[in-house]
Amino acid sequence: MVLIARLLLRRVLILVPLLLGVVAFVFVVMRFSGNKPEYAYFQGANPTPEQIRQFQLENGLLDPLPLRYLRFVADLVQGDMGTSVLTRKPVIESVTTALPLTLQLTFLGLAVAVGLALVLGVIAALFRDRWPDQVIRVVSLVGVAAPAFWLALLMIQWLAVGEGLFPTGGYINPADSFTGWLRSMTLPALSLSLPAAAQLTRVIRTSMVEELDRDYVRTAIGSGLPPVVVVGRNVLRNALINPLTVLGLRIGYLIGGTVVIEQIYGLPGMGQLMINAVRDGDPAVVQGVVLTIAVGFMVVNLAVDILYLLVNPRLRSAA
């Protein structure tokens, strides 16, 4: 337990400079982007140069860039992401409203991807080079090549419009109707998760095959242990070490993929919030969403590192 805590502390300390670097990068990119808050504020009007300058003075936009960065970091530490120049509301309010839906979509997609990949990957490895393995390998290859937005359009056309099994879009709060929420999130979660499930299936299958060929597996089965016990207790646990690394990367793609999926299905999450802010020229909201997604990605990778430590005893001994 002490070793796990020490390695966790080490990972957290590494995140601090990484987080500062992400904040600095986002700040610089947004300051040199074409979206200027002074023009978004006067959107639809014809402001005079004096009005624009007055707005810049009142909001510190003419201060030196290092001073503006320090002020920006100080505000972030206090939980202040700025104020939308269009709605005049704090960005943190918009983020906290949209974030729960994106988290629901991401973790539902993650659960589907991991569940499918475990089942298909293990079956393919156990039936190596036989017809179940061949079918699963072909299906997973197609899944890896299929973009999430293409799958989303196919599912809407087939399962929503054609069969009428699911709605074509929209969101229902689970507090209002759990069944309605599940129906509204099924197609988005499937569209988001299937490419990730296909890649994880191939990785799990390869890891399982390598593990099944090891001497300890033949020795355990030869000594009388049931194959189900050997596979479930030893082989599967050891084979999950490499897929965990891939899973950490795929979660990042899942978070990024929500931007497209939310637009297609009309879900009011972080992706739709960012797209609308870019379209309307609201840099504070874009900045807040990007930072939130970046921090979420780093936290998820920290969690994957902890899981990697728990399933890999060699790392614990090296720590």
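Residues numbered from 1 in each chain as written. Predicted model: local features only at pLDDT ≥ 70, side-chain atom pairs only at ≥ 80, totals over all residues. Heavy atoms only, no water.

A closer look at the overall build of the protein
Here is step 1 of the chain: On a plain count of helices and strands, the protein comes out with 14 helices and zero strands.
Here is step 2 of the chain: What you see in the protein, going N to C, is helices and strands ordered as α-α-α-α-α-α-α-α-α-α-α-α-α-α.
Here is step 3 of the chain: Principal axes of the C-alpha set define a box for the protein whose edges measure 85 × 55 × 35 Å.
Here is step 4 of the chain: Residues classed as buried in the protein amount to 38% of the 319 residues present.
Here is step 5 of the chain: By sequence separation, contacts in the protein at least 24 residues apart represent 72% of the contacts at least 6 residues apart.
Here is step 6 of the chain: Roughly 17,400 Å² of accessible area belongs to the protein as shown, and the carbon and sulfur atoms make up 67% of that amount.
Here is step 7 of the chain: Taken together, the 24 basic and 19 acidic charged side chains of the protein have centroids lying 10 Å from each other. (Helix = DSSP H or I, 4+ residues; strand = E, 2+ residues; numbered from the N terminus. Buried < 20%, exposed > 50% of the residue type's maximum accessible area, 1.4 Å probe, protein only. Contact = heavy atoms within 4.5 Å. Areas by Shrake-Rupley, 256 points an atom, 1.4 Å probe, with all protein chains shown as cover. Lys, Arg positive; Asp, Glu negative; His and termini not counted. Charge placed at Lys NZ, Arg CZ, Asp CG, Glu CD.)

Here we look at the side chain of Asp133
Here is step 1 of the chain: Inspection of the secondary structure puts Asp133 in helix α6 (residues 131-145).
Here is step 2 of the chain: Reaching out from Asp133, the side chain makes a polar contact with the side chain of Arg205 at a distance of 2.7 Å.
Here is step 3 of the chain: When residues no more than four places from it in sequence are discounted, the contact partners of Asp133 are Ala124, Phe127, Arg128 and Arg205. (Polar contact = N/O pair within 3.5 Å; in protein donor to acceptor, adjacent residues only side chain to side chain.)

Remarks on the packing of aromatic side chains
In this description, a pair of aromatic rings is defined by centroid distance and the angle of the planes.
Here is step 1 of the chain: Under the defined criterion, the tally for this structure stands at three aromatic pairs.
Here is step 2 of the chain: Ring centres of Phe27 and Tyr69 lie 5.4 Å apart, and the angle between their planes is 65°; this geometry places the pair in the edge-to-face category. Of this pair, Phe27 sits in helix α1 (residues 2-31) while Tyr69 is found in helix α4 (residues 65-77), placing the two residues 42 residues apart along the sequence. With respect to burial, Phe27 and Tyr69 carry one shared label: buried.
Here is step 3 of the chain: Plain terms: the ring middles of Phe178 and Trp181 are 5.4 Å apart, the flat faces sit at 35° to each other, and that makes the pair tilted. Separated by three residues within a single helix, Phe178 and Trp181 lie in helix α8 (residues 178-212), roughly one turn from each other.
Here is step 4 of the chain: According to the relative accessible area criterion, Phe178 is exposed, its value standing at 52%.
Here is step 5 of the chain: Among the residues examined, Trp181 registers a relative accessible area of 11% and is labelled buried.
Here is step 6 of the chain: An aromatic cluster is defined as three or more aromatic residues linked by ring pairs; in this entry it consists of Phe27, Tyr69 and Phe72. (Phe/Tyr/Trp six-rings, centres within 6.5 Å; stacked < 30°, edge-to-face > 60°.)

Observations regarding the side chain of Ser184
Here is step 1 of the chain: Structurally, the position occupied by Ser184 is in helix α8.
Here is step 2 of the chain: Of the polar contacts made by the side chain of Ser184, one reaches the backbone oxygen of Trp181; its length is 2.8 Å.
Here is step 3 of the chain: Every residue in contact with Ser184, bar those within four places of it in the chain, is listed here: Pro167, Gly170, Tyr171 and Ile172.

A look at the pattern of salt bridges
Here is step 1 of the chain: According to the stated counting rule, one finds eight salt bridges in the structure shown.
Here is step 2 of the chain: Of the charged contacts in the structure, one is a salt bridge between Arg137 and Asp133, with a shortest N-O distance of 3.6 Å. Taken together, the residues span about one helical turn, with Arg137 and Asp133 both in helix α6 at a distance of four residues.
Here is step 3 of the chain: Given a relative accessible area of 0%, Asp133 falls into the buried group.
Here is step 4 of the chain: We note a salt bridge from Arg279 to Asp280, for which the minimum N-O separation is 3.3 Å. (Salt bridge = Lys/Arg side-chain N within 4 Å of Asp/Glu carboxyl O.)

Things to note about the environment of Val203
Here is step 1 of the chain: Relative to the helices and strands, Val203 resides in helix α8.
Here is step 2 of the chain: The buried category is assigned to Val203, whose relative accessible area is 19%.
Here is step 3 of the chain: A C-alpha to C-alpha distance of 10.0 Å links Val203 and Leu118, two positions 85 residues apart in sequence.
Here is step 4 of the chain: Filtering out sequence-adjacent residues up to four positions away, Val203 remains in contact with Asn242, Pro243 and Val246.

A look at the nonpolar core
Here is step 1 of the chain: Leu105, Met208, Ile251 and Tyr265 are the most contacted members of the largest nonpolar core, which totals 42 residues.
Here is step 2 of the chain: If you list the elements that add at least two residues to this core, you get α5 (91-126), α7 (148-162), α8, α9 (215-222), α10 (227-239), α11 (241-265) and α13 (283-311).
Here is step 3 of the chain: Broken down by element, this core gets its largest block of residues, 13 residues, from α8.
Here is step 4 of the chain: Ignoring anything within four residues of it in the chain, the contact list for Ile251 reads Leu110, Val300 and Val304.
Here is step 5 of the chain: In this structure, Met30, Ala98, Val289 and Leu291 belong to the second largest nonpolar core, which totals 20 residues. (Core = buried A, V, L, I, M, F, W, Y, C linked by side-chain atoms within 4.5 Å.)

Concerning the packing of α5 against helix α12 (residues 270-280)
Here is step 1 of the chain: Look at α5 against α12: their axes get within 7 Å of each other, and the N-to-C directions meet at 135°. Taken as axis vectors, α5 and α12 run oblique relative to one another. In this structure, α5 uses Ser94, Val95, Ala98, Leu99 and Thr102 to contact α12, whose residues at the interface are Met270, Gly271 and Leu273. (Axes fitted to C-alpha atoms, helices over the stretch in contact; angles between N-to-C directions. Parallel < 35°, antiparallel > 145°, perpendicular 65-115°, else oblique.)

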